[in-house]
Amino acid sequence: MNIVTGKRFYAHPPGVDVGSNERAWLVRYELSRTQAGIEWTRHVIDEDSGVGTQFVVQDVNGDGLADIVVANKKGVFLFEQLS
């Protein structure tokens, strides 16, 4: 199981939220089960696009791998997973 999340670019007007001028990033957290419990490993996908309120994780190019499409105030981004 994986979780895709991130930080939005100007989620609210500049200066309203703490960190509103920080980088907008997109990350994937990978779940691993160990004898001690569970562990989440962070994988940075991008440090400038952000996540936005609309994004989808699905196979866009038909290669059987999950890709990520993000739409936000910075534009529309496609992140293709490579084998």
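We now turn to the structure provided with this report. Keep in mind that what you see is a predicted model, and the values were worked out from it rather than measured.

## Topic: the sheet that holds strand 6 (residues 75-79)
Strand order across the open sheet formed by three strands is 4-5-6, with antiparallel pairing between neighbours. With partners counted over all chains shown, the strands left at the sheet margins are strand 4 (54-58) and strand 6, one partner each. On average, each strand axis in the sheet is inclined to that of its neighbour by 10°, with strand direction left out of account. Taken together, the five bridges between strand 5 (residues 67-72) and strand 6 define a ladder with antiparallel strand orientation. What sits directly across from Asn72, in strand 6, is Gly75.

## Examining the pattern of salt bridges
For the structure shown, the criterion picks out two salt bridges. Residue Arg28 pairs with Glu30 through a salt bridge whose shortest N-O separation is 4.0 Å. On the basis of relative accessibility, which here comes to 26%, the residue Arg28 falls in the partly exposed class. Residue Asp48 pairs with Lys74 through a salt bridge whose shortest N-O separation is 2.8 Å. One end of the pair, Asp48, is in the loop between strand 3 (37-46) and strand 4; the other, Lys74, is in the loop between strand 5 and strand 6, with 26 residues separating them in the sequence.

Conventions we followed
Every chain begins its residue count from 1, and numbering advances along the sequence as written. Under the rules for a predicted model, residues below a pLDDT of 70 receive no local features and side-chain atom pairs below 80 are neither given nor counted, while totals for whole chains, interfaces and linings still include all residues. Side-chain descriptors were evaluated using all non-hydrogen atoms of the structure, hydrogens and water having been removed beforehand. Pairing between strands is defined by DSSP: at least two bridges between them are needed. To qualify as a helix, a DSSP run of H or I must reach at least 4 residues; to qualify as a strand, a run of E must reach at least 2; elements of each kind are numbered from the N terminus. The axes are straight lines fitted to the C-alpha atoms, using for helices just the contacting stretch, and the angles between their N-to-C directions are given from 0 to 180°. We define a salt bridge as a side-chain nitrogen of Lys or Arg found within 4 Å of a carboxyl oxygen belonging to Asp or Glu. For each residue, the accessible area found with a 1.4 Å probe, counting protein chains only, is set against the maximum for its type, and the residue is called buried under 20%, exposed over 50%, and partly exposed in between.

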